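Spelled out, the chains give:
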Amino acid sequence: MADLIIRKAEAKDVLAIEEIEKQCFTVPWSYESLYQDIVENKLAFYIVAELAAGQICGYVGIWKIFDEGHITNVAVAPEYRRKHIARAMLEALMEVTAEAGIERYTLEVRAGNEPAIRLYEGLGFKSEGIRPGYYEDNGEDAIIMWR
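Cut-offs used in this document
- Residues numbered from 1 in each chain as written.
- Predicted model: local features only at pLDDT ≥ 70, side-chain atom pairs only at ≥ 80, totals over all residues.
- Heavy atoms only, no water.
- Helix = DSSP H or I, 4+ residues; strand = E, 2+ residues; numbered from the N terminus.
- Buried < 20%, exposed > 50% of the residue type's maximum accessible area, 1.4 Å probe, protein only.
- Polar contact = N/O pair within 3.5 Å; in protein donor to acceptor, adjacent residues only side chain to side chain.
- Contact = heavy atoms within 4.5 Å.
- Phe/Tyr/Trp six-rings, centres within 6.5 Å; stacked < 30°, edge-to-face > 60°.
- Lys NZ or Arg CZ within 6 Å of the ring centre and 35° of its normal.

S.K.: Account for the side chain of N73, with residues named and values stated.
M.R.: Mapped onto the elements, N73 comes out in strand β4 (residues 68-76). Overall, N73 belongs to the buried group, its relative accessible area being 9%. Only 3.2 Å separates the side chain of N73 from the side chain of E21, close enough to count as a polar contact. Reaching out from N73, the side chain makes a polar contact with the side chain of Y59 at a distance of 3.4 Å. Not counting residues within four places of it along the chain, the set of residues in contact with N73 comprises E21, W29, Y59, V60 and G61.

This is the structure:
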């Protein structure tokens, strides 16, 4: 999308991020958890995708643990999916955090989320294990992926 701006998340973005959380996840993070992670957590870094009109349409977050980055959430509002926004955000996130010393990346993804798995594989992630019953809403397994 030519009119897409990818930038660091700020405190003013938390409400929009919370709305995307609610649209995308059955057990969304609370406003307070998101605010703490985005504004106060020195080991966390978040990127948002913003349309030229100022609307936040996606976000991604990461926690830095030594030289590893644990990608916590990747979300794009449903009406903006399949426009390569998640890929653009992840590429930007990994570029910026690699400069900050992160050498390896990990994430968990629902075993049944084929589009996300294909996205991550396309970015060089590989399946390295399973967390049985990881998702509390339905007991679905998580695939642990590393890059």
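S.K.: How would you sum up the packing of aromatic side chains? Please name residues and give values.
M.R.: One pass over the structure, following the stated rule, counts five aromatic pairs. Taking 6.2 Å as the distance between ring centres and 20° as the angle between the ring planes, the aromatic pair formed by Y46 and Y59 counts as stacked. Of the two residues, Y46 sits in strand β2 (residues 44-51) while Y59 sits in strand β3 (residues 56-65), which places them 13 residues apart along the sequence. The exposure class assigned to Y46 is buried, which follows from its relative accessible area of 2%. Classification of Y59 as buried rests on a relative accessible area of 0%. With a centroid separation of 5.0 Å and 90° between ring planes, the pair formed by Y134 and Y135 is classed as edge-to-face. If you follow R104 out to its NZ or CZ, it ends over the ring of W146, 4.1 Å from the centre. When the ring centre of Y135 is taken as origin, the NZ or CZ atom of R110, which lies over that ring, is 4.1 Å away.

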